[in-house]
2 protein chains.
Amino acid sequence: MQRYFVKHTLQVGQTITTTPDLYKHAITVMRLAINNEVELVDDTQHVFLGKLITDDKTTHQAQLLITADITKVVEMPIDITIACGIPKGDKAETIVQKGTQLGAKRFLFLNTVYSVAKWIGNKQTKKQARLQKIAFEAAQQAHRTFVPEVQVLTDFEQLLHYPATQKLVAYEESAKQGETAQLVKTFTAMQPQQSLLAFFGPEGGIAPQEIAQLQANQFKLAGLGPRILRAETAPLYLLAAASYHFELRH
Amino acid sequence: MQRYFVKHTLQVGQTITTTPDLYKHAITVMRLAINNEVELVDDTQHVFLGKLITDDKTTHQAQLLITADITKVVEMPIDITIACGIPKGDKAETIVQKGTQLGAKRFLFLNTVYSVAKWIGNKQTKKQARLQKIAFEAAQQAHRTFVPEVQVLTDFEQLLHYPATQKLVAYEESAKQGETAQLVKTFTAMQPQQSLLAFFGPEGGIAPQEIAQLQANQFKLAGLGPRILRAETAPLYLLAAASYHFELRH
C-alpha cells in the first residue's frame, strides 16, 4: 500500500482534505479510487489507514477518512548519523537513498582534504534540497515513519563537535591491518535511543591530519571487514550491520 | 596499491612479462615507474608484490619481479550465492558491483513471474558478459582474491535445484509480518566453507506460486529488518550482515 507523510497530527475518525501534492500522487498518478486506502504517517510518527471518501475531479480536492492506527516499530532502535566527505558524481544520492532504506536518522556531508568534488555556495543549497527530497521519497517507499534529515556542514570542526553517544570512523587502513573488533564493541556498548555518529571519507580517503583530529575528539577507528569498500558502499555496510545487530539478533 | 589478476601461478623470485591489458592499465594509465610495486593475484588466489624492473615504452612490454607473497584472508568464510529475479535498468550492475565488494561468491539472474525487464537471446549473452566484467573490475578494486562468477539461469527450475547447504528467500511479506529470526538462525547454523543460496525478487516481488515452489525445495523465508528494501538494496543488506556475523564478530 502506498504511504504518504502529512505535516500534522492525525486521529482515528477524523476526515482530512488532500494537499495538492497528495492529490496528484495518490489520485492522479496512483489512481486511488473511492473506498480504497493509503497509509498516512503523521508528525508524531504514527501510521494510519486513510480511506478515500470523496473525490472532486474538477477542483482536484479529495477527502480521506482516518480509519485505523496501524503504527508498528520500523525505526532503528539507535539513532545513526552518517557523515560523509563529499563524494564524486551521484554517490551522495546513492548514500541518501539506500541509507534511508537501511534506517539512517541523519546524513551530513562536508568538504574534506581529499574531496575531489566540492559543493560551494549555490551548489551546496541545491544539493542539500535535492538530497532532502530523495530522503523524503525513500522514507515513503521504505515505509519509514521518520524522514532523515540531510545537512551540509560548513567545516570539519562542526563534524568534530557534533553531539553523539558513540563516534566511529570507517578507516581503510584499519581494515587493512585487520581491525575487526571495534564495530561489534561499539554496537554492543549501545543502548536503545543512544546515538552513533559514523564518518566516511570520500574516494581519496581520509587525510592523516583528519584522522588525528577525529581521534582527539573521541572518534574510534573501525574496520568494516577485510575487503576494500567504495565510498558509497561503506555507509550501507554499517547500516545493514546495525540492523542485523539491533533488529534481527535477540 | 593497485591490484591485478593474472591467469597463471606465481612464485617469489620469478620475473613475468606484462600482458597488453596489464601494461595499459598499470603503466600507461596508472604511470607505474621503475622500482614501484603492484599487487598481483594468481590463479591459486595467492597475492604477491610485483616490482617493475624493465619498461620498454616502444614495444609496450615490461617485466615485473615477484618480490613477496602477501596473501591474507579477504574472502568470506562462507560461500554466498546471490540469485535475483531480473531487475529493471542498471540495478543488476549495482548488485554485482557492490555485491562483489561485499564478498559474494556468485551471482545468478533469472526471469521470474513479476520481472518487468526480460533478458532474451542475444541480450542475455551481452548482459552476462557485461556483468562478468563488472565483477572482475570490482574484485580488483575491492582487493579480493576471487572473481565472482555471473550466470544467467534459463528457468526457475534451475534455481530450485541449485546446490547449497542453506537456502533463503528474502520475502517482503515475512518482513512485514515481523519475521526477524531466520537470517540469524541460518548464519548461526553455518560452518566455514558451507554454502548459502539467497534469492531476491525483482521490483514487483515474488509470485505466490514461486514462494510455494521455493518452500517445497528447502528455501526458508527470511525478513531483512522492518523497512521495505528495494530490489538492489536487499542483497547488499544480506552480504553486509553476513560479513558482520562471520568476519567481525568473535
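This is a predicted model, so every value here is computed, not measured.

1. Thoughts on the side chain of Arg144(A)
Okay, so step 1: Along the chain, Arg144(A) falls in the loop between α3 (122–141) and β8 (149–152).
Okay, so step 2: For Arg144(A), the contacting residues outside a window of four places in its chain are Arg3(A), Phe5(A), Val41(A), Val74(A), Glu75(A), Gly99(A), Thr100(A), Gly103(A), Ala104(A), Lys105(A), Ala139(A) and Arg227(B).

2. Examining the sheet that holds strand β5 (residues 61–69) of chain A
All names here are of chain A.
Okay, so step 1: Spatially, 5 strands are ordered β1-β3-β4-β5-β2 in an open sheet, and the strand pairing comes out mixed. Looking at the sheet topology across the chains shown, the edges are occupied by β1 (3–5) and β2 (15–17). Averaged over neighbouring strand pairs, the angle between their axes works out to 40° when direction is ignored.
Okay, so step 2: Sheet topology note: the strand β4 (residues 47–56)/β5 ladder contains 8 bridges and is antiparallel. Within β5, the position partnered with Asp 56 by the bridge is Gln 61.

3. What to know about the packing of helix α6 (residues 182–189) of chain B against helix α8 (residues 234–248) of chain B
Residue and element names in this part refer to chain B.
Okay, so step 1: Between α6 and α8, the least distance of the axes is 11 Å, while the angle of their chain directions is 45°. In terms of orientation, α6 lies oblique with respect to α8. Seen from above, α6 lies across α8 with right-handed handedness. The segment α6 lies against α8, with Leu 183, Phe 187 and Thr 188 engaging Tyr 237, Leu 238, Ala 241, Ala 242, His 245 and Phe 246.
Okay, so step 2: Of the residues belonging to the contact of α6 with α8, the class tally is 7 nonpolar, 2 polar and no charged.

4. Comments concerning the interface of chain B and chain A
Okay, so step 1: The interface is formed by 40 residues belonging to chain B together with 40 residues belonging to chain A.
Okay, so step 2: Across the chain B to chain A interface the summed buried area is about 3700 Å²; carbon plus sulfur atoms make up 54%.
Okay, so step 3: When residues of chain B are sorted by the area they lose upon contact with chain A, Arg227(B), Tyr244(B) and Leu248(B) head the list and together hold 22% of the total.
Okay, so step 4: The interface formed by chain B and chain A holds 4 salt bridges in total.

5. Some thoughts on the confidence of the model for chain A
Okay, so step 1: On average, residues of chain A carry a pLDDT of 94, and 100% of them reach 70 or more.
Okay, so step 2: If you check the scores for this complex, the pTM reads 0.84 and the ipTM reads 0.83.

6. A look at the domain arrangement of chain A
All names here are of chain A.
Okay, so step 1: Along its sequence, chain A is carved into domain 1 (3–69) and domain 2 (79–248).
Okay, so step 2: Here the C-alpha centre of domain 2 lies 34 Å away from the C-alpha centre of domain 1.
Okay, so step 3: Each side of the interface is counted separately: domain 1 has 7 residues, and domain 2 has 8 residues.
Okay, so step 4: Overall, the association of domain 1 and domain 2 removes approximately 700 Å² of surface from exposure, summing both partners, and the carbon and sulfur fraction of that is 58%.
Okay, so step 5: Considering only the surface of domain 1 that becomes buried against domain 2, Arg 3, Phe 5 and Gln 45 emerge as the three largest contributors, covering 85% of it.
Okay, so step 6: On inspection of domain 1 and its partner domain 2, the count reaches 0 salt bridges.
Okay, so step 7: In this assembly, domain 1 and domain 2 are joined by 3 residue pairs in polar contact (both at pLDDT 80 or more).
Okay, so step 8: When residues of the side of domain 1 that touches domain 2 are traced back to their parent elements, those giving at least two are β1 and β3 (37–41).

Analysis parameters
Residues numbered from 1 in each chain as written. Chains lettered and ligands numbered in written order. Predicted model: local features only at pLDDT ≥ 70, side-chain atom pairs only at ≥ 80, totals over all residues. Heavy atoms only, no water. Helix = DSSP H or I, 4+ residues; strand = E, 2+ residues; numbered from the N terminus. Contact = heavy atoms within 4.5 Å. Pairing = 2+ DSSP bridges. Axes fitted to C-alpha atoms, helices over the stretch in contact; angles between N-to-C directions. Parallel < 35°, antiparallel > 145°, perpendicular 65-115°, else oblique. Left-handed = near helix turned anticlockwise from the far one by under 90°. Nonpolar A, V, L, I, M, F, W, Y, C, P; charged D, E, K, R; others polar. Buried area = accessible area lost by both parts, 1.4 Å probe. Salt bridge = Lys/Arg side-chain N within 4 Å of Asp/Glu carboxyl O. pLDDT = per-residue confidence, 0-100. Domains from an automatic or database assignment. Polar contact = N/O pair within 3.5 Å; in protein donor to acceptor, adjacent residues only side chain to side chain.

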